[in-house]
Amino acid sequence: MGNPRPSFHGSHDGPSVPAATVAQLEDCAEHGAARLRDTHYAIMFDVDVTADGQVDKATVRESMIGDREIVSCMEDALHGMSLPGVVASLRSSGPVYGDSVSPEGRAPMGHPAAAAAAAGAAVNLIPIVLIAGGVTILVAVTAHVAEEVVEEVGEAIEAARRRRAVEQMCATELERCLSYRPQPDWNQEDFASHKHCNFCYSECKKKGEWPDYKCPRPGYRPN
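In what follows, the accompanying structure is described. Small disclaimer: the values here were computed from a predicted structure and weren't measured.

### Brief notes about helix 2 (residues 68-79)
An ideal rise of 1.5 Å per residue puts 16 Å on 12 residues; helix 2 measures up with 16 Å between its terminal C-alpha atoms. Among all positions of helix 2, only Ile70, Val71, Met74, Glu75, Ala77 and Leu78 are buried. One side of helix 2 carries all its buried residues, which in axial view fall inside an arc of 160 degrees. Residues of helix 2 that are exposed and point more than 90 degrees away from the buried face comprise Arg68, Glu69 and Asp76. Contacts from the buried residues of helix 2 go to helix 1 (19-32), strand 1 (40-49), strand 2 (55-63), strand 4 (128-132) and strand 5 (135-145). Between a side-chain oxygen at the N-terminus of helix 2 and the backbone nitrogen of glutamate 69 the separation is 3.0 Å; the capping residue is aspartate 67.

Structure follows, in structure tokens:
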């Protein structure tokens, strides 16, 4: 009976190398393990990911493996993989502050993918542990996403921050409006005797400023 195929394992949190690519890495390890003298190795790769999720470059950042054939084989395996999930997670991870999203359901600014976008979109994939011929090889891969995706995500995060600031301002003014609803005498001819605070709140969120002409704040007088 021949040697068993190498196996892999790792954390299940975060993006991972596709199964087909892992199988190729297994083959690289299996075919070269007999030439290695130590029992434990580690190798770290950087891969460049295009906007459509394809890896167009794979390079070794650091390696304990001196066997160029194994290293080259692994580079080729990683170069051919597809990581659309990494790009998709970055695009969808920015905080979304919509009317239908509760505060608990909003993605926090500390979300790993959002933080990665702010830091240049370097996303660490789940490490792979290969075992072949009595040799254990740890393979770590960091995906660097295309600049246009980084810019797109950064703009989305900034837009969400601005919208959140507007919502907080409008919510503060809504509370103030509800605490004293009578219209001032000079505004009752155009509007009712009491302010419609909820309508003013909705307008504030849409336009980004409190509608003093309709729900004047204390001390406000038209020009």
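Still to come is the rest of the account.
### Description of the packing of helix 1 against helix 2
In contact at an axis separation of 9 Å, helix 1 and helix 2 are set at 170 degrees when each is read in the N-to-C sense. If you check the angle between helix 1 and helix 2, you find them roughly antiparallel. Residues Thr21, Gln24, Leu25, Cys28 and Gly32 of helix 1 form the contact with helix 2, whose own contacting residues are Ile70, Cys73, Met74, Ala77 and Leu78.

What counts, and where the lines are drawn
- Each chain carries its own residue numbering, running from 1 in the written order of its sequence.
- In keeping with the model being predicted, local features are shown solely for residues with a pLDDT of at least 70 and side-chain atom pairs are shown and tallied solely at 80 or more, while totals for entire chains, interfaces and linings include all residues.
- Think of the side-chain values as coming from all heavy atoms in the structure, minus any hydrogens and water.
- Strands here are runs of E lasting at least two residues and helices are runs of H or I lasting at least four, both read from the DSSP assignment and numbered beginning at the N terminus.
- By this rule, a helix spans an expected 1.5 Å times one less than how many residues it contains.
- Partly exposed residues are those whose accessible area sits between 20% and 50% of the maximum for their type, while under 20% is buried and over 50% is exposed, using a 1.4 Å probe and protein chains only.
- Arc definition: directions from the helix axis to the C-beta atoms.
- Two residues qualify as a contact provided that any one of their heavy atoms is within 4.5 Å of a heavy atom in the partner residue.
- Whenever two N or O atoms come within 3.5 Å, that pair is a polar contact, provided that in protein one can donate a hydrogen and the other can accept it, and provided that, for residues adjacent in sequence, both atoms are side-chain atoms.
- Orientation is described by lines fitted to C-alpha atoms, with helices fitted over the stretch in contact, and by angles between N-to-C directions that extend from 0 to 180 degrees.
- Each angle receives one of four descriptions, namely roughly parallel if under 35 degrees, roughly antiparallel if over 145, roughly perpendicular if within 65 to 115, and oblique otherwise.

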